[in-house]
Amino acid sequence: MRQIKISEVGILEIDVMELPVSCVLIISEGNAKLAELPPYAETKIFTHSGKVKRVKWEEGEEF
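Criteria and thresholds
Residues numbered from 1 in each chain as written. Predicted model: local features only at pLDDT ≥ 70, side-chain atom pairs only at ≥ 80, totals over all residues. Heavy atoms only, no water. Pairing = 2+ DSSP bridges. Helix = DSSP H or I, 4+ residues; strand = E, 2+ residues; numbered from the N terminus. Axes fitted to C-alpha atoms, helices over the stretch in contact; angles between N-to-C directions. 1 Å grid on protein atoms, 1.4 Å probe; cavity = no way out; pocket = protein on both sides within 12 Å on 5 of 7 lines; lining within 4 Å. Points joined across faces, edges and corners; volume = space filled by probe spheres on them. Nonpolar A, V, L, I, M, F, W, Y, C, P; charged D, E, K, R; others polar. Buried < 20%, exposed > 50% of the residue type's maximum accessible area, 1.4 Å probe, protein only. Salt bridge = Lys/Arg side-chain N within 4 Å of Asp/Glu carboxyl O. Polar contact = N/O pair within 3.5 Å; in protein donor to acceptor, adjacent residues only side chain to side chain. Contact = heavy atoms within 4.5 Å.

Quick word on the sheet that holds strand β2 (residues 23–28)
- Pairing within the open sheet is antiparallel, and its three strands lie in the order β1-β3-β2. On the outer flanks of this sheet lie β1 (2–4) and β2, each paired with one strand and no other. Strand-to-strand twist in this sheet, taken as the mean axis angle between neighbours without regard to direction, amounts to 30°.
- In terms of strand pairing, β2 meets strand β3 (residues 31–36) through six bridges, oriented antiparallel. Among the inter-strand pairings, S28 is bridged to a residue of β3, identified as N31.

Some details on the layout of surface pockets
- In this structure, the largest pocket encloses a volume near 150 Å³.
- Lining the largest pocket are M1, I26, I27, S28, E29, N31, A32, K33, V52 and V55.
- Classifying every residue of the lining of the largest pocket by side-chain character gives six nonpolar, two polar and two charged.

Some words on the pairing of β2
- Here β2 shows one buried face, formed by V24, I26 and S28, and one open face, formed by C23, L25 and I27.
- What sits between β2 and β3 in their antiparallel hairpin is a turn of two residues, with E29 showing a positive phi close to 55°.

Topic: the pattern of salt bridges
- Within this structure, the stated rule accounts for four salt bridges.
- Between K44 and E42 there is a salt bridge, with its nearest N and O atoms 3.6 Å apart.
- The shortest N-O distance in the salt bridge between K44 and E58 comes to 3.4 Å. Of this pair, K44 sits in strand β4 (residues 41–48) while E58 sits in strand β5 (residues 51–59), placing them 14 residues apart in sequence.
- We classify K44 as partly exposed; its relative accessible area is 31%.
- Where salt bridges share partners, they join E42, K44, K56 and E58 into one cluster.

Some thoughts on the side chain of S28
- Relative to the helices and strands, S28 is located in strand β2.
- A residue is classified by how much of its surface remains accessible, and S28, at 14% relative accessible area, is buried.
- A distance of 3.1 Å separates a polar side-chain atom of S28 from the backbone nitrogen of V52.
- In this structure, S28 is in contact with K51 and V52, ignoring residues within four places of it in sequence.

As structure tokens, then:
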């Protein structure tokens, strides 16, 4: 996952032309992270007390 900068005044600027075709943006506790989604996977976001604790990808392949 790649850290995305949030300004001191709380503005998040992302150039959508530079984003991967499929991606996920997760914002929690004033932090933002971006990750490209794999072609075949199950993505789980684990939270605790309303805060993101872990992101887990279970990748697979079509047979």
